[in-house]
Amino acid sequence: MTQPRTLPIIAIVGRPNVGKSTLFNRYAGHRRALVEDTPGLTRDRIVEEVEVEGRRVLVVDTAGLEPDAEGGLSAAIQAQARTALREADAVLLVVDGQAGLLPEDERIAAELRRSDKPVGLAVNKVDHPRHAERVLEFHALGIEPMEGISAAHGIHAFEVLEALVERLPPPPPEADEELEEGVLRVAVVGRPNVGKSSLVNRLAGEERVVVADEPGTTRDSIDLHLEDEFGSTVLVDTAGLRRTAKRESGGERGGAIMAVRALERAQVALLVIDAAEGATEQDARVAGLVRDRCRPAVIVANKWDRVGGEDGPDARRVREEIHRRLRFIEDAPLIPVSAKTGAGVGRLLAEARRLHESAGRRIPTGDLNRWLEDATARHQPALGQKGVTRRPIRFFYATQTSARPPSFVLFCTDPRHVKEDYRRYLENRLREAFGYQGVPVRLRLRARRDRA
């Protein structure tokens, strides 16, 4: 079976307070990928798609270790390194040049050197040329490439990332998803203790995944191959994602890397939330991760039996609250289920397959341009501006550039002055017209001179 083509993952690891998140933000802010931000999305991001020397990679921030982590901080750091080595394609170790070489740095470097994966070393807080000597003692770690950097100021930050990307194996030939012989890959994601493993067991029809009340029990991604009336499905159960401040061990933060990897390998996501608790800020962050990776999603409202059933007095309120908190994916279908009783679970794979088919839909150019003409006639865009003269923004034509995710280019007179709410209007009308509900859609606006 052909595997979906995935982007390489580069994990940033190291002790707390060495500047990992600052470096991550530097990469994300200056070389953001082609995927645009979704308005209203809660941003507590740990993964960013970055283009480096013409190659796209996923950079993952593994910050979040606490000094009182179970088993001691040193053990947690090493566990984090092991998880990164297992799940990532390359690792960037960040150390604090101002603090100097510490035993924890030596232990994590020893863990990384045992791998055959590319490893780079960023000696941070080298903020001025006179600080260059801070780098010298870190040669003892035996990791190349090594670079003295300033994450805060951007000095040499990209040079070490570029050198690391150069050591990655060349990208495989592009795989055609249609060659996967009808096998659908579905990632099960969500914060801890919402019932993901119980749901997977219910779908599999047997106790295939360990279930426990303790949050974060699942530590590894587990692929399950299912055959049913809907076809062949590979189900990926992933470790729960926790709020950054609560990620107290390498395993928890590593679970986030595993979720990113699972979403990269999947074509559809089942986003599991606890209906009894309602959608939380953590759920919104996980949903943001799903949408960032442009995966169609089914919102699985688990533990619905605690709400009182589909016709219970609280059912409507719970639905509205979930859609409000997850408003940036409000078009995603919401299916109430109970992994405990099995109610509603039978609908999930059929809905996942429907979303996958919708995401692969290609719209004939003629139909697309008739839609564009109708949508802009029903609701005219606000006036653009050229110097001091306000003038109407005209849309000329549209074309679809790819599927999964469906991507479209719309040509108009002045893309810079098309307001964000009008872009959302076009996106919503496109979903309604062509059945893309629950499917991320990319709209790009390009300029074409108005010759009229």
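Report on the accompanying structure. (Residues numbered from 1 in each chain as written. Predicted model: local features only at pLDDT ≥ 70, side-chain atom pairs only at ≥ 80, totals over all residues. Heavy atoms only, no water.)

**A few points about helix α7 (residues 281–292)**
- For α7, spanning 12 residues, the distance from its first C-alpha to its last is 16 Å, which sits close to the expected 16 Å at 1.5 Å a residue.
- For α7, the buried fraction is high: 10 of the 12 residues fall into the buried class.
- Of all the positions in α7, only Asp-283, Ala-284, Arg-285, Val-286, Ala-287, Gly-288, Leu-289, Val-290, Arg-291 and Asp-292 are classed as buried.
- Positioned one or two residues after α7, Cys-294 has a phi angle of 55°, which is positive. (Helix = DSSP H or I, 4+ residues; strand = E, 2+ residues; numbered from the N terminus. Expected span 1.5 Å × (residues − 1). Buried < 20%, exposed > 50% of the residue type's maximum accessible area, 1.4 Å probe, protein only.)

**Here we look at the packing of helix α10 (residues 365–378) against helix α11 (residues 420–434)**
- At their nearest, the axes of α10 and α11 sit 11 Å apart, and the two run at 130° to each other. With respect to each other, α10 and α11 are oriented oblique. Between α10 and α11 the crossing geometry is right-handed. For the pair formed by α10 and α11, the contact residues are Asp-367, Leu-368, Trp-371, Ala-375, Thr-376 and Arg-378 on the first element and Tyr-422, Tyr-425, Leu-426, Arg-429, Leu-430, Ala-433 and Phe-434 on the second.
- A breakdown of the residues in the contact of α10 with α11 according to their chemical character gives 9 nonpolar, 1 polar and 3 charged. (Axes fitted to C-alpha atoms, helices over the stretch in contact; angles between N-to-C directions. Parallel < 35°, antiparallel > 145°, perpendicular 65-115°, else oblique. Left-handed = near helix turned anticlockwise from the far one by under 90°. Contact = heavy atoms within 4.5 Å. Nonpolar A, V, L, I, M, F, W, Y, C, P; charged D, E, K, R; others polar.)

**Comments concerning unusual backbone geometry**
- In this structure, Pro-145 follows Glu-144 across a cis peptide bond, with omega equal to 5°.
- Mapped onto the elements of the fold, Pro-145 is located in the loop between β5 (119–124) and β6 (146–148).
- For the bond running from Arg-404 to Pro-405, omega is 0°, close enough to zero to count as cis.
- Positionally, Pro-405 belongs in the loop between β15 (395–402) and β16 (407–412).
- Residues other than glycine seldom take positive phi values, yet Glu-53 does so here, at roughly 50°.
- Of note, the phi angle at Cys-294 is positive, near 55°, even though the residue is not glycine.
- Exposure remark for Cys-294: the relative accessible area of 8% places this residue in the buried category.

Function-wise, these values are silent; they only describe arrangement.
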